[in-house]
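Per-entry structural report
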Amino acid sequence: MCGNNMSAPLPAIVPAARKATAAVIFLHGLGDTGARMVRSTCRYQKPPCEIHLPTRSPDSQEDEAGIKQAAENVKALIDQEVKNGIPSNRIILGGFSQGGALSLYTALTTHQKLAGVIALSCWLPLRASFPQGPISGVNKDIAVLQCHGDCDPLVPVMFGSLTVEKLKTMINPANVTFKTYSGMMHSSSLEEMMDVKQFIDKHLPPID
């Protein structure tokens, strides 16, 4: 699922137009690079918000050690943003495919309170490692936007549905939103990106 070499390449960063008061950390999927995600994501940037797109290396499916190490690398990136003056509750974590799976896992296991999670065309990894019932961590009320194409041949939409069902038993179900897109495969669409933009605007509102 996720490699344990995420920290090796430097992340692609879309800087804020002025001093950043929020950040979006977006993890891409297998075979992608930060550069392509920059082109698609920065169109929806709402300043003053930094966007980080770490380039990660893939590894075998459900590699427990790799997933946990990759999550620690993401937590370190969040810590760095906090040191730079951005509170963790002004940070949204997101990703596509393996990146989305890692985002969900990280948000559910971190001690850092986050603003939200954007999980695109993905699943919850190591789901059996989580206890039954609600989690007790700082993100038990976190807002989650999960999106999936109903024609995805790589990560079937059923995986997304099962993940949503699991999430609603772990965190406040009222804060979990699942959107599907007719005809969309393992990719994105303008409709999905507009939903992502609205989620970011809602959970990272400008501050004076």
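Here the residue numbers are simple positions, counted from 1 along each chain's written sequence. Reporting of local features is limited, given that this is a predicted model, to residues whose pLDDT is at least 70; pairs of side-chain atoms are given and counted only at 80 or more, and all residues count toward the totals for whole chains, interfaces and linings. Values reported for side chains reflect all heavy atoms of the structure, with hydrogen atoms and water molecules removed beforehand.

Next up on the list: the overall build of the protein. What counts as a helix is a DSSP run of H or I of at least four residues, what counts as a strand is a run of E of at least two, and both are numbered from the N terminus. The number of helices and strands found in the protein is five helices and seven strands. Along its sequence from the N terminus, the protein presents helices and strands in the succession β-β-α-β-α-β-α-β-β-α-β-α. In the protein, which comprises 208 residues, the share counted as buried stands at 51%. Note on contacts: a residue pair is in contact if any heavy atoms of the two residues lie within 4.5 Å. Contacts in the protein between residues at least 24 apart in sequence constitute 81% of all its contacts with a sequence separation of at least 6. Within the structure as shown, the protein displays about 9,500 Å² of accessible surface, and the carbon and sulfur contribution to it stands at 55%. Each residue is assigned to one of three classes by its accessible area relative to the maximum for its type, calculated with a 1.4 Å probe on protein chains only: buried under 20%, partly exposed between the two thresholds, exposed over 50%. The protein chains shown are the only cover counted for residues, whose accessible areas, like all others here, come from Shrake-Rupley with a 1.4 Å probe.

Turning our attention to helix H4 (residues 157-170). Between the first and last C-alpha of H4 there are 20 Å, a value that for 14 residues agrees with the 20 Å anticipated at 1.5 Å per step. Next to the buried residues of H4 lie helix H3 (98-109), strand E6 (144-149) and strand E7 (176-181). A helix is expected to span 1.5 Å multiplied by its residue count minus one.

In this scheme, patches are assembled from residues that exceed 30% relative accessible area and form no salt bridge. Like charges are connected within 9 Å, while nonpolar side chains (Val, Leu, Ile, Met, Phe, Trp, Tyr) are connected within 5 Å. Between Lys or Arg on one side and Asp or Glu on the other, a salt bridge is scored when a side-chain nitrogen of the former is within 4 Å of a carboxyl oxygen of the latter. A cluster of nonpolar residues, Met158, Phe159 and Leu162, forms a patch on the protein surface that exposes about 270 Å² of accessible area. Within the secondary structure, Leu162 sits in helix H4.

Judged by how many residues are buried, strand E5 (residues 116-120) sits mostly within the fold: five of five residues are covered. Alternating positions in E5 separate into two faces, Gly116, Ile118 and Leu120 on one and Val117 and Ala119 on the other, with burial throughout. Two strands are said to pair when DSSP picks up at least two bridges between them. The sheet contact formed by strand E4 (residues 91-96) and E5 spans five bridges and is parallel. Within E5, the residue paired with Leu93 across the bridge is Val117.

Another point: H3. Compared with the 16 Å implied by 1.5 Å per residue over 12 residues, the 17 Å span of H3 between its first and last C-alpha is a close match. Along H3, the positions that sit buried rather than exposed are Gln98, Gly99, Gly100, Ala101, Leu102, Ser103, Leu104, Tyr105, Thr106, Ala107 and Leu108.

Attention shifts here to the nonpolar core. The nonpolar core is taken to be a set of buried Ala, Val, Leu, Ile, Met, Phe, Trp, Tyr and Cys residues, with the residues joined through side-chain atoms within 4.5 Å. In terms of nonpolar packing, the biggest core is built from 36 residues, with Leu104, Leu108 and Ile171 touching the most fellow members. Look past the residues within four positions of Ile171 in its chain and what remains in contact with it is Leu108, Ile135, Asn139, Lys140, Ile142, Val144 and Val176. Counting residues in hydrophobic clusters, the runner-up holds 18 residues, among them Leu120, Cys147, Phe199 and Ile200.

Turning our eyes to something else, we now look at unusual backbone geometry. One non-glycine residue, Ser121, lies in positive phi territory at about 50°. Tracing the backbone through its elements, the reader meets Ser121 in the loop between E5 and E6. Phi is positive for Leu126, which is not a glycine, with a value near 50°. The residue Leu126 is located in the loop between E5 and E6 in this model. The class of Leu126 is buried, set by a relative accessible area of 11%.

Turning our attention to the side chain of Thr106. By the element assignment, Thr106 lies in helix H3. Judged by relative accessible area, which is 0%, Thr106 ranks as buried. The definition of a polar contact used here is a pair of N or O atoms within 3.5 Å, where within protein one atom must be able to donate a hydrogen and the other to accept one, and adjacent residues in sequence count solely through side-chain atom pairs. Here Leu102 takes part through its backbone oxygen, which lies 2.8 Å from a polar atom of the side chain of Thr106. Non-local contacts of Thr106, meaning those with residues more than four positions away in its chain, are made with Ala71, Val74, Lys75 and Leu93.

The next subject is the confidence of the model for the protein. Mean pLDDT over the protein works out to 82, with 75% of the residues at or above the 70 mark. What pLDDT reports is the predictor's confidence in each residue, on a scale of 0 through 100. Helix H1 (residues 34-41) is the least confidently modelled element of the protein, averaging 50 in pLDDT, while E7 averages 98, the highest of any element. Throughout residues 1-10 the model reports pLDDT below 50, and contacts reaching past four residues in sequence, or to other chains, amount to 42 contacts.

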